[in-house]
Amino acid sequence: MQLRNKLLLLLALSLLAGLTGVVHPAQSQEATPQEKLVVFETVGSPT
Amino acid sequence: MIDQLAEEYSNQPVVVVDYHFSIDTPPLFDPPQARWNVIQASEAGLGLTWVVVDSGRLHHRGAETTPEAYETYTAMIDDALARPATAEINAFWWLDGSSVKVSATVKNNSAVTLTTGNNAGVYAIVKENGVKYETHTTYQPGIAAAKTAISSLAPGETDTFEIEVPDVDPTDWSKVEIIVLVDYQTAPGEHYDQLQAAIATKALDVHPDYHLFFLDDGVTSVPGFTSVVLGNQGLAWTASSNQTWLSLNPSSGIVGDAIVMTTDGTALEAGWNSAVVTITDSSETYTTNVIVEIYAASPGEEINRVFLPVITRP
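Residues numbered from 1 in each chain as written. Chains lettered and ligands numbered in written order. Predicted model: local features only at pLDDT ≥ 70, side-chain atom pairs only at ≥ 80, totals over all residues.

What about the overall build of chain A?
Heads up, the rule is: Note on conventions: DSSP H or I runs of at least 4 residues are helices, E runs of at least 2 residues are strands, and numbering of each starts at the N terminus. Every C-beta atom is placed from the backbone, and the number of other C-beta atoms within 10 Å of a residue's own sets its class: buried at 20 or more, exposed at 12 or fewer, partly exposed in between.
A tally of helices and strands in chain A yields 1 helix and 1 strand. The 47 residues of chain A split such that 21% are buried.

Observations concerning the overall build of chain B
Condition: This entry defines residue contacts through backbone-placed C-beta atoms, with two residues in contact when those atoms are within 7 Å.
Of the regular secondary structure elements, chain B holds 3 helices and 22 strands. When the backbone C-alpha atoms are referred to their principal axes, chain B occupies close to 75 × 45 × 45 Å. Counting only residues that meet the buried cut, chain B has 37% of its 314 residues in that class. For chain B, the share of sequence-separated contacts (at least 6 apart) that also reach a separation of at least 24 residues comes to 61%.

Focus on the sheet that holds strand β13 (residues 201-202) of chain B
In plain terms, the rule: The rule for pairing is simple: two strands pair if DSSP sees at least two bridges between them.
Spatial strand order, β10-β5-β4-β13 (chain B): 4 strands in an open sheet with mixed pairing. Looking at the sheet topology across the chains shown, the edges are occupied by β10 (158-165) and β13 of chain B.

Observations regarding unusual backbone geometry
Residue and element names in this part refer to chain B. For the bond running from leucine 48 to threonine 49, omega is -5°, close enough to zero to count as cis. Tracing the backbone through its elements, the reader meets threonine 49 in the loop between α2 (33-40) and β2 (50-53). Residue proline 250 is bonded to the preceding asparagine 249 through a cis peptide linkage, with omega at -5°. Mapped onto the fold, proline 250 is located in the loop between β18 (246-249) and β19 (252-254). The phi dihedral of aspartate 54 is positive, around 50°, even though this residue is not glycine. Along the chain, aspartate 54 turns up in the loop between β2 and β3 (58-61). In this structure, aspartate 167 is a non-glycine residue whose phi angle is positive, near 50°. Structurally, aspartate 167 is set in the loop between β10 and β11 (176-185).

Focus: the confidence of the model for chain A
Close inspection of predicted coordinates is inappropriate for parts of the model with low pLDDT. So the rule is basically this: By definition, pLDDT measures how confident the predictor is in each residue, and it falls between 0 and 100.
The pLDDT averaged across chain A works out to 66; a share of 28% of its residues lies at or above 70. Taken as a whole, residues 21-26 of chain A scores under 50 in pLDDT and shows 0 contacts with residues more than four places along the chain or in a different chain.

Considering the domain arrangement of chain B
The condition that has to hold: Domain delimitation in this document rests on an assignment produced automatically or drawn from a domain database.
In terms of domains, chain B is made up of domain 1 (2-202) and domain 2 (204-296). On a C-alpha basis, the centres of domain 1 of chain B and domain 2 of chain B stand 36 Å from each other.

Section: the sheet that holds strand β20 (residues 258-263) of chain B
All names here are of chain B. Stated precisely, the cut-off is as follows: Axis definition: a line fitted to C-alpha atoms, limited for helices to the stretch in contact. Angles are taken between N-to-C directions and run from 0 to 180 degrees.
What the 4 strands build is an open sheet, ordered β14-β16-β20-β18; its pairing is antiparallel. Either end of the sheet is taken by a strand with one partner, and the two such strands are β14 (204-207) and β18. When the angles between neighbouring strand axes are averaged without regard to direction, this sheet yields 30°. By the bridge criterion, 4 bridges tie β18 to β20 in an arrangement that is antiparallel. For asparagine 249, the partnering residue across the bridge sits in β20 and is valine 260.

Some remarks on the environment of serine 174 of chain B
Residues and elements named next belong to chain B. Mapped onto the fold, serine 174 is located in the loop between β10 and β11. Owing to 9 C-beta atoms within 10 Å, serine 174 belongs among the exposed residues under this scheme. Put simply, serine 174 and glutamate 128 are 46 residues apart on the chain and 8.6 Å apart in space, counted from C-alpha to C-alpha.

As for the environment of valine 100 of chain B
Position of valine 100 of chain B relative to the elements: it lies in strand β5 (residues 99-108). Between the C-alpha atoms of valine 100 of chain B and aspartate 183 of chain B, which are 83 residues apart in sequence, the distance is 20 Å.

Quick notes on the nonpolar core
Filter applied, for reference: Here, a nonpolar core means buried Ala, Val, Leu, Ile, Met, Phe, Trp, Tyr and Cys residues linked by C-beta atoms lying within 7 Å of one another.
In terms of nonpolar packing, the biggest core is built from 86 residues, with Val39 of chain A together with Val102, Ala124, Val126, Ile178 and Val180 of chain B touching the most fellow members. With 7 residues, β11 of chain B is the single largest residue contributor to this core. A domain-level breakdown of this core finds at least three residues from each of domain 1 (2-202) and domain 2 (204-296) of chain B. With near-sequence residues (within four places) excluded, valine 39 of chain A lies in contact with Val15, Val17, Val53, Ile179, Leu181 and Ala197 of chain B.

Observations regarding the interface of chain A and chain B
The condition that has to hold: Gly is put with the polar residues, along with every residue not named as nonpolar or charged; the nonpolar set is Ala, Val, Leu, Ile, Met, Phe, Trp, Tyr, Cys and Pro, and the charged set is Asp, Glu, Lys and Arg.
Tallying the contact residues gives 14 residues for chain A and 32 residues for chain B. Tallied by class, the residues present in the side of chain A that touches chain B amount to 6 nonpolar, 5 polar and 3 charged.

Let's talk about α2 of chain B
Note the following rule: Arc definition: directions from the helix axis to the C-beta atoms.
The set of residues buried in α2 of chain B consists of Arg35, Val38 and Ile39 of chain B. Each buried residue of α2 of chain B lies within a common arc of 100° when the element is viewed along its axis, so the set occupies one face.

Some words on the pairing of strand β21 (residues 271-281) of chain B
All names here are of chain B. Examined bridge by bridge, strand β17 (residues 236-241) and β21 share 5 bridges and lie antiparallel to one another. Residue pairing across strands places serine 240 opposite threonine 278, the latter belonging to β21. Here 10 bridges tie β21 to strand β22 (residues 287-296), and the two strands are oriented antiparallel to one another. Residue pairing for β22: isoleucine 279 is matched across the bridge by threonine 288. In this structure, the hairpin formed by β21 and β22 is closed by a connection of 5 residues, where glutamate 284 is found at a positive phi of approximately 60°.

A short note on the pairing of strand β8 (residues 142-149) of chain B
All names here are of chain B. Most of β8 sits out of view: 6 of its 8 residues are buried. Two elements, strand β7 (residues 121-128) and β8, share 7 bridges in a ladder whose sense is antiparallel. Note on β8: the bridge partner recorded for glycine 121 is alanine 149.

This is how it looks when you write it as structure tokens:
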């Protein structure tokens, strides 16, 4: 295969890879929000 | 009733803290001042039992009957659980003498700028789980607390704060839990509001921290046993034994590594033999211990072993 054809093939593959990325974007890496912790404070509880 | 609440919510992200208030003169014991200031901001005057969640966003005073208290308190907790956190807290703690020191990294996800102007702060509350003090009526005693003021933390900003709680004297350190929370005062003379709370982890810990063996007369071999070093990710440590009969392998590593301990049984004396393994991080800031106790029978002494059946709940 000639060098020109090789370059064209490489270009085509690059475009395909790019399109695949657009169609299937990487999933969001957003972290899960921290769960809330409730603090129940009592003063002078009888029991 | 408070213990019952703690039990009922034990499978949910809820911690119950009970402070004692003495009406004796002079008072024998007061709530930790840092939290008492926040609780008192929820309503003028004094009326017990005084209960707050979200640092006083919701509060109740003077419940007359147990059913009234139960209904009110569960409604308050459920309301607080349904409200999302507006900060992220990652905290760890260590001991420095009798002081509990806490490092807390806080990300402000709220729309409020936390400043000294609105009395914003990061608190560490020392609770001793499952211990009933003479001064308390529940098994949820909050025994000390301290605040570090937040000078400025705008929405979206993250900062790290150190809190020191001095003179902590629990009956059993293994039952101590450190609660870290962030709150601010909603307006001068008004109640506080809490963004988030978290349980601090120990900077350096080890599990198990106690090994016990009984050796029959003439037996010198003790099986190798291990403890795993826990704590802050990536923390490097070294370990040393205060007895020559106890060898450690490895004697250094990072958090997550296990220490295999082997014993030279021939070097043990009849009766009790005790060793302390001290594990220290590379900065020599954090320390934790493993206790090893071996009872070696004297010549002719017989050790009686009793095996009890154990019934476990599914």
